[in-house]
Amino acid sequence: MAENEELAKALKDLPLKVQTPSLKLRKEVIQNVINVLPHPGINENIVRGICKVVHLTLLRYNEGASQLLVRNLIAALLKHYPKWTVKSFLTVLVDIAGQYKNLVVTPSTSKSALTALNWSCLLMVNGWNNEEVIKDDISILVDVQAILLTAVVSAGVQKYSLKAYNMLHNSWTSVPAIENLYIDSLKSIEQTYFIPVLGSALIKHLSLNNNSLVDKCVDGLLDTFIKTLISCKTKPLKTIVEACYPLLKKISHEQFKGLLLPALQKAMLRNPEIIIECVGLVLSGISLDLSQYAGDVGKSLITNLHSKADITREESADACKRLAQQCSDSGAIEALLKQVFAVFHGSDGKLTIVDHKISVLQGAGNLSYNAVSGSSLQHLTSVAADQFIKVLEVEVHEKTLCHALDMLSLWVCKFSNEVPKKVIDAFKNGMGLKTSTALVRTSYIQCMSACFHSNTIAQAVVLIPTLQKAIDRAVAQPTQAPAVTEGLCAACFLLKIAATQGDKENSFSSLWTILFDMDKQLFVSEKFLSVASDDALIHVMQLCERLLLEHPERLNGKAGPLHRAVLICLTASSTAVRRKCLPLARRIVGGLGGISLARALLKDLAKYLEISKIQNKNENENRDQSEASNEISPHTVIECITALCSSSGSAEDAQLVALEALLPAHNPAIVNIAPNLWIKIVKRLGLDPHLFVEQQISNLKKLLIDEFSATPSHENALATIVQLNGNKLLPDLVQIVKQYLDEPQIIQITKDEYFTYLTPEGELYDKSVLPDDQSSTAMNMKRESKAYSYKEQLEEMQLRRELEEKKKKNGKVKQPQYTPKQLEAIKNQKIKEQAIRDKLTQLNTVIVNCVSIIRAAAKGNPIEFSLCYKDLLPSILKDVQSPLAAPYLTKLYIDLRKTVFHQDLDSLGELIAHVTLRLLKPQCDLDPAWEEEDLTKAMIRTVNCIHKRTLKKKDEELDVGVPQNHFTTPAFSYSFSLLKSTLLSSHCKKDEGLIHNSLQVISEHAKLRGDHGTDTLDLYLPKYLPRQQMFELLVELISTTSGRIQSQAEACLLDVAASASGSEHCAKATYDELAVMLTALQNPKDVVRDSALRGLTVMISSIPTFEDNYEQALTVGKRVWIARFDSKEENRELANKLWEDARLEFPSHLYEELMIDIEHPVECVQEAAAKALATLVEEDKNEIQSILQTLLSLYKNRLEVGILKEKRSSSVLYTIKENLN
């Protein structure tokens, strides 16, 4: 009964269950079905139903894991019920194959067909145990596989085609003697174009073992191939014909001559526009020398070179190329050449359409791709050159001439030892013709360059005067792009000649003058490069390569224009240009001195990208096509950077290249699509990124901190470096940023200075110097204005300015007439305001850079950077009182919350950020949505939220210092400003509950001792707490409160001090933190001094000795020495205990240090200092004389000041006297 329930449960709603998108659920559903398959209740209908369910997964299960589940299910079905499964699943496969018969295949549908083909192979291999079933249905299976294989290869995705063949090959290998069944089935089933495709795959499989079965199936498959793919009425797919190459390669001369050739000729006569492409593909697939058939095949191809249809002409020219590749007899190619040129000259009727002429010339040029070699090739090339020269002599159309020269280039490059004189004369004559335009002459020069190479370059010397004239024409017409392009090609060819001939008799002197004049920049000017053709850009790259590699000494350090030209070529929009230029770039950086060139190019690339428009995938959706076409593709820039970083050298060279690649690789458009590009480049250079940062830290600090600019590239680069090795860079980064933010000038900026800075240059902000009628419209802007915000006041100023400008343009406002005195006053005021503007502009740059650095660090390594908040946030929040810095820093402070408040705390972090800023009252407008709630209520609500979170119910078994519901120490540092502002607010004096909650939060976090159960960075260690600010706040509270609150503040101070006690898992107090306690020892209130002494006692291990730091030890010793003579006995006892436990010293010869406190403004400190000095005298009487003289001098000097100070000195004298007595 339980088994029946399990079967029913597994099969219930199975068609719906298998369509779930969850991989986990898919696995569960299919595994349940597999588990119940041995159940006796399974019958043929159930198996049929399961097979139909498998069909549902074909288009849904795209990932490998899901497809494996389906294959496991099919295998399980075949294992338990082979007969039923083969019968049912074949029906499913037939349905699937039927869908692909007339389907236009795409890569997506090709992939699903591949999956179905895999199922069919699985069905054949696993179902072979029951041969009777397979033999009965093998024809159906073969037909299905033929259709599915054709669907896979039709898409033209090489990866899918290879997978499909491997599946079939493995299945044929697994099943013995299956090939005979396949061959018989291929003959018996309906003969469609699917059959040759599967047959070709079978032939490829059989050929691996030199199987004799190959000959058995070639004839039948060839016959089907001819009927379905050649003698057809629709154009066959290129990919299907190419899939039949294994079949075509097995064709013999007899089969080609008797079967295939007649069929091809007949098809070309009947439907040339349909079959011409197929003819070319078939010719490429045959492994025979077709020289003896060239005339028969070529006749029809050449006839179609001037067909009316453009596509037919293109396909005919391509077929001529494929035919030539299969011919090794020069006579056959020569005959084809003569036939082609006869057509050009009118044997089939006069060619009057330019495109037809060009197609015929294209066919003649494509015949150069032949297999002829040796002396026969030289004779054939000479014949071809003669034919082309005749065309050049009679043709006058510019486009036709250019194309004829391009095709001639394909032939003349085959002259290996000597270029015929008639060819050289043709070059000279063609260049000198008056009818030759700049474009034609450029084509002539390109043809020359192709003609003359290693063995024949010496013959090109006679062309130097001709080439020099081309350069002279470019010099005379520098604004004409065709003329400059002609000169550019000539210059490249002359450099080629000069490289082999040398500078004999200064024949190239004028060339050097023109090429290395970097002021005129004839061939690399921005104007020319912006309008240059693709060919011209390629020649520019070739020119730059030769100049940079072969003539660096002639540049005299002025290679900048060449570098820019190289970068423009490498980032050109044309794929053809980049494909030609990228190898040249690799040669530039891979040659001698390539490292320095790579660094220079990368440095210039960073500047070039800053001023160029780069496509951004996030913005392109809203751009029109014309605007986007003028932008550089980020993929292009990635190719460029990768090519420039392909140089090889020592590890030191690789580090220098990686350093220069840092900024260009972090352009925002590149980071969007390849965020780890620079790291990949570093690894490709053989470097470890983490180690690289450590070794190059000084250079990185200079680049990313000292020379930092607030650009996205710098920001992204800094983020990456901080992410890789933050502990090396962050300490210096925070120190420098803090130093900039603590600049007193930032906080001293007044509102008038700020609005002067916002006033456009040339206008007056302070119009009090104008006559009364001109200054009457001046507007006073006040931060305290209740009616208008900063933003509204600025908008009103702008509106007034625009209205005034409009009136001036309309002539409604008369220009005022000023007296010389008024003009002088206006001039002086403008100078004064400009000085303010300049100063604030510099400060604004500093602030913007600091904000950008902080954002980069927070983006790159938010966790490690947040540990610095205890030092950094006070500087940020202090500067929000500057009208210049406030708009930047308030936004920054709000954004930084994301580094410390994650997931469920994000909303609380946002609340803390906005309420903190409201309490600080920054000199800028805040988000009005957050100002709707009453500030006092918001403050109370936020503190209570923090308190509720921190003191949530805890696990009593855990130690008090183990974090449970606490904030991390960086999150507490972020929130501390809120707690501080709350505790010092006027409302808090009347709300003891709020004070209690705030202090409890501080105390709870002060008791943290780290999360010792984690292996990652511990964010609960007390060393990251803002203890200095906590001490200052608590001292202030102890000083200004009383009773229970005062006691709680004292206890809280001791908790904070304990966190800095230096004990296990505790931090050691810094001197700045000790200094807060030393300052508290000078407080007039006994309880404050008491707390300070207790805090110092707790932090006794952090007190510096004279060996650690003399000045600090002296200060601590002095303060505790004075405290030993405190007016309150309890304090004296605490001080004495501290003195003894810490083993402090205060040498008597340093009595002058105590003299300062003789005049201390706090009376109790003054009296204690007097007693301390007297005791010091008593211990060392040698100093009595000098001490008395100093005191008497001080006494006399203060007599005129008044009786109060006189009493101070006299009281000290009296104390000394009493102690001496």
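This structure is a prediction, so every number in the text was calculated from the model and none was measured.

Visitor: Run through the overall build of the protein, naming residues and quoting values.
Guide: Looking only at helices and strands, the protein features 62 helices and 0 strands. Per-residue burial for the protein yields a buried fraction of 52% across its 1221 residues. Of the roughly 56900 Å² that the protein leaves accessible, carbon and sulfur atoms contribute 50%.

Visitor: Any chance you could break down the side chain of Thr192 for me, citing the residues and the numbers?
Guide: Turning to its location among the elements, Thr192 is positioned in the loop between α10 (178–188) and α11 (194–207). Given a relative accessible area of 18%, Thr192 falls into the buried group. With sequence-adjacent residues up to four places away left out, Thr192 is seen in contact with Thr224 and Thr228.

Visitor: Now, about the packing of helix α5 (residues 64–80) against helix α7 (residues 107–126): what can you tell me, with residues and values included?
Guide: How two helices sit against one another is set out by the angle between their axes and by the gap between those axes. Packing of α5 against α7 leaves a shortest axis separation of 10 Å and a crossing angle of 25°. Considering the angle they form, α5 stands roughly parallel to α7. Of the two elements, α5 crosses α7, and the hand of that crossing is right-handed. On α7, the residues that touch Gln67, Val70, Arg71, Ile74, Ala75 and Leu78 of α5 are Thr115, Asn118, Trp119, Leu122, Leu123 and Asn126.

Visitor: Tell me about the pattern of salt bridges, and name the residues and values.
Guide: For the coordinates displayed, the defined rule picks out 41 salt bridges. A salt bridge links Asp386 to Lys422; the nearest nitrogen and oxygen atoms lie 2.6 Å apart. Taken together, the residues span a long stretch of sequence, with Asp386 in helix α21 (residues 375–394) and Lys422 in helix α23 (residues 421–432) at a distance of 36 residues. Overall, the relative accessible area of 37% leaves Lys422 in the partly exposed class. Residue Arg1094 is joined to Asp1090 by a salt bridge in which the shortest nitrogen-to-oxygen separation is 2.7 Å. Taken as a pair, Arg1094 and Asp1090 lie in helix α56 (residues 1086–1098) at a separation of 4 residues, close to a single helical turn. When salt bridges that share partners are traced, they join Lys738, Asp742, Lys878 and Asp879 into one network.

Visitor: Give a description of a negative patch on the surface that names residues and reports values.
Guide: A surface patch of negative charge is lined by Glu792, Glu795, Asp925, Asp927 and Glu931. Mapping Glu795 onto the fold places it in helix α44 (residues 790–809). For Glu795, a relative accessible area of 46% puts it in the partly exposed group.

Visitor: Talk me through the packing of α23 against helix α24 (residues 438–451); I want residue IDs and the actual numbers.
Guide: Put simply, α23 and α24 touch, their axes get as near as 9 Å, and they point 160° apart. By the criterion of interaxial angle, the relationship of α23 to α24 is roughly antiparallel. In this structure, the crossing between α23 and α24 has a hand that is left-handed. Within the contact between the two elements, α23 uses Ala426, Phe427, Gly430 and Met431 and α24 uses Arg441, Tyr444, Ile445, Cys447, Met448 and Cys451. When its residues are assigned to classes, the contact of α23 with α24 shows 8 nonpolar, 1 polar and 1 charged.

Visitor: Got a sec to walk through the environment of Leu951? Specific residues and values, please.
Guide: Relative to the helices and strands, Leu951 is located in the loop between α50 (935–950) and α51 (969–983). It is 7.0 Å that separates the C-alpha atoms of Leu951 and Asn965, two residues lying 14 residues apart in sequence. Those residues in contact with Leu951, other than ones at most four positions away along the chain, are Gln1000 and Glu1004.

Visitor: Any details on α23? Residues and values, ideally.
Guide: Two residues of an α-helix separated by three or four positions point the same way, owing to the 3.6 residues in each turn. With 12 residues, α23 ought to run about 16 Å at 1.5 Å a step, and its terminal C-alpha atoms sit 17 Å apart, in line with that. Of the positions making up α23, those classed as buried are Val423, Ile424, Ala426, Phe427, Gly430 and Met431. Axial view of α23: buried residues confined to an arc of 155°, hence all on one face. Of the exposed residues in α23, those oriented more than 90 degrees away from the buried face are Lys421, Asn429 and Gly432. Of the surrounding elements, those touching the buried residues of α23 are α21, α24, α25 (464–476) and α26 (481–501).

Visitor: Go over the packing of aromatic side chains with me, naming the residues and quoting the values.
Guide: On inspection of all chains with the given rule, the structure shows 19 aromatic pairs. Measuring from ring centre to ring centre gives 5.5 Å for Trp1121 and Phe1125, while their planes differ by 70°; the resulting arrangement is edge-to-face. A relative accessible area of 16% places Phe1125 in the buried class. Their ring planes at 55° and their centres at 5.3 Å tell us that Trp1121 and Trp1139 sit as a pair that is tilted. Of this pair, Trp1121 sits in helix α57 (residues 1110–1123) while Trp1139 sits in helix α58 (residues 1129–1142), and the two are 18 residues apart along the sequence. Look at Trp1121 and you get buried, because its relative accessible area is 3%. We classify Trp1139 as buried; its relative accessible area is 11%. Lys204 extends its terminal NZ or CZ atom over the ring of Tyr165, reaching a point 4.3 Å from the ring centre. When the ring centre of Trp512 is taken as reference, the NZ or CZ atom of Arg554 above it lies at 4.4 Å.

Visitor: Run through the nonpolar core, naming residues and quoting values.
Guide: Within the largest apolar cluster, 395 residues are counted, with the highest numbers of intra-cluster contacts made by Phe225, Leu260, Phe452 and Phe865. Here Phe225 is in contact with Pro196, Ile230, Val241, Cys244, Leu247, Leu248, Leu260 and Val282, once residues within four sequence places are set aside.

Visitor: Before we move on, could you go through the confidence of the model for the protein and cite the residues and values that matter?
Guide: Residues of the protein with pLDDT of at least 70 account for 90%, and the chain-wide mean is 87. A low-confidence stretch, residues 773–787 stays under pLDDT 50, and its non-local contacts, those more than four residues away or across chains, total 25 contacts. Note that residues 1203–1209 has pLDDT below 50 and, in this model, 10 contacts with residues that lie over four places away or in other chains.

The rules behind the values
Residues numbered from 1 in each chain as written. Predicted model: local features only at pLDDT ≥ 70, side-chain atom pairs only at ≥ 80, totals over all residues. Heavy atoms only, no water. Helix = DSSP H or I, 4+ residues; strand = E, 2+ residues; numbered from the N terminus. Buried < 20%, exposed > 50% of the residue type's maximum accessible area, 1.4 Å probe, protein only. Areas by Shrake-Rupley, 256 points an atom, 1.4 Å probe, with all protein chains shown as cover. Contact = heavy atoms within 4.5 Å. Axes fitted to C-alpha atoms, helices over the stretch in contact; angles between N-to-C directions. Parallel < 35°, antiparallel > 145°, perpendicular 65-115°, else oblique. Left-handed = near helix turned anticlockwise from the far one by under 90°. Salt bridge = Lys/Arg side-chain N within 4 Å of Asp/Glu carboxyl O. Patch = residues over 30% accessible without salt bridge, like charges linked within 9 Å, V, L, I, M, F, W, Y side chains within 5 Å. Lys, Arg positive; Asp, Glu negative; His and termini not counted. Charge placed at Lys NZ, Arg CZ, Asp CG, Glu CD. Nonpolar A, V, L, I, M, F, W, Y, C, P; charged D, E, K, R; others polar. Expected span 1.5 Å × (residues − 1). Arc of directions from axis to C-beta. Phe/Tyr/Trp six-rings, centres within 6.5 Å; stacked < 30°, edge-to-face > 60°. Lys NZ or Arg CZ within 6 Å of the ring centre and 35° of its normal. Core = buried A, V, L, I, M, F, W, Y, C linked by side-chain atoms within 4.5 Å. pLDDT = per-residue confidence, 0-100.

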